[in-house]
Amino acid sequence: AYGTGWDHDLPQDAEATFYEYTIKHSNGSVAAKTGLFRLEQDIINFTKIDASDTIGDFIAVAKRTGHWRRDQWRQCTMNPRGWDLTFNDAAKFDTAASVQDFRVVAAAVINMMAHRDEYIGTDGVQHVGQGDIYAAFFTTLLTAFLICLLIVGSLALCLTYGVDKKMRRFFGRFEQVALPK
């Protein structure tokens, strides 16, 4: 197992955010987990979880290749940058290259983790999309306000021009024609 402790440095002493990915079966039971890891950590372990919720076999380890952080992998350099995913030879894989295969799932988890790490804030929370959320919220409020304004304006026009009396007269005659006694 890999420890997440770093050398203690008082100026760097601050709140730490740890991540853990849980891989679940389609029935909701836990199939595997990563170890707890910090943002920008270079090694992440995957461990199988048994049916009795106990830690089972070690499945894989993902190691960062090259010296890069967040979205620096996009910059062209001579050094290779990426994640190397190594699987334990002793781990038994029943399914071959399907969605149920831990190797496929572990690769997908590393891809999601790498994508999330690109846009993570200093507080450990991803803030991408917050502008869209606020825009959608204020657009909804503005639309609701305009609809209310339209309804109130229509009612005011109806009362001003006596449309309500004309409508009463029209529907009264319509009722007499359509539904005679």
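It should be noted that the structure appears before, not after, this text.
Here's a quick rundown of the structure.

So, how was this worked out
Residues numbered from 1 in each chain as written. Predicted model: local features only at pLDDT ≥ 70, side-chain atom pairs only at ≥ 80, totals over all residues. Heavy atoms only, no water. Pairing = 2+ DSSP bridges. Helix = DSSP H or I, 4+ residues; strand = E, 2+ residues; numbered from the N terminus. Axes fitted to C-alpha atoms, helices over the stretch in contact; angles between N-to-C directions. Contact = heavy atoms within 4.5 Å. Salt bridge = Lys/Arg side-chain N within 4 Å of Asp/Glu carboxyl O. Buried < 20%, exposed > 50% of the residue type's maximum accessible area, 1.4 Å probe, protein only. Patch = residues over 30% accessible without salt bridge, like charges linked within 9 Å, V, L, I, M, F, W, Y side chains within 5 Å. Areas by Shrake-Rupley, 256 points an atom, 1.4 Å probe, with all protein chains shown as cover. Polar contact = N/O pair within 3.5 Å; in protein donor to acceptor, adjacent residues only side chain to side chain.

### Looking at the sheet that holds strand β3 (residues 30-34)
One open sheet holds the five strands; their spatial order is β2-β3-β5-β6-β7, and the pairing between them is antiparallel. Unpaired on one side and paired on the other, β2 (22-24) and β7 (82-87) mark the two borders of the sheet. Strand-to-strand twist across the sheet, computed as the mean angle between neighbouring axes with direction ignored, equals 20°. The pairing of strand β5 (residues 43-49) with strand β6 (residues 55-65) spans six bridges and is classified as antiparallel. Along β6, the bridge assignment pairs T47 with F58. Against the sheet, helix α1 (residues 102-118) engages β2, β3, β5, β6 and β7, with an angle of about 155° to β7.

### Focus: the pattern of salt bridges
Evaluated as defined, the whole model comprises one salt bridge. We note a salt bridge from R64 to D42, for which the minimum N-O separation is 2.8 Å. Of this pair, R64 sits in strand β6 while D42 sits in the loop between β4 (37-38) and β5, and the two are 22 residues apart along the sequence. R64 gets classed as buried once you look at its relative accessible area, which sits at 11%. A relative accessible area of 32% places D42 in the partly exposed class.

### A look at a nonpolar patch on the surface
A contiguous nonpolar surface patch, about 570 Å² in accessible area, is contributed by I133, Y134, F137, F138 and L141. Within the fold, Y134 resides in helix α2 (residues 130-160).

### Considerations on the side chain of T34
With respect to the helices and strands, T34 occurs in strand β3. Overall, T34 belongs to the buried group, its relative accessible area being 4%. Among the polar contacts made by the side chain of T34, one reaches the main-chain amide nitrogen of Y21 at a distance of 2.8 Å. When near neighbours in sequence (up to four residues on either side) are disregarded, T34 contacts E20, Y21, I44, N45 and F46.

### Examining the side chain of R64
Within the structure, R64 has its side chain in polar contact with the backbone oxygen of Q41 (distance 3.1 Å). Within the structure, R64 has its side chain in polar contact with the side chain of D42 (distance 2.8 Å). If sequence neighbours within four positions are ignored, R64 has contacts with E40, Q41, D42, R69, G82 and W83.

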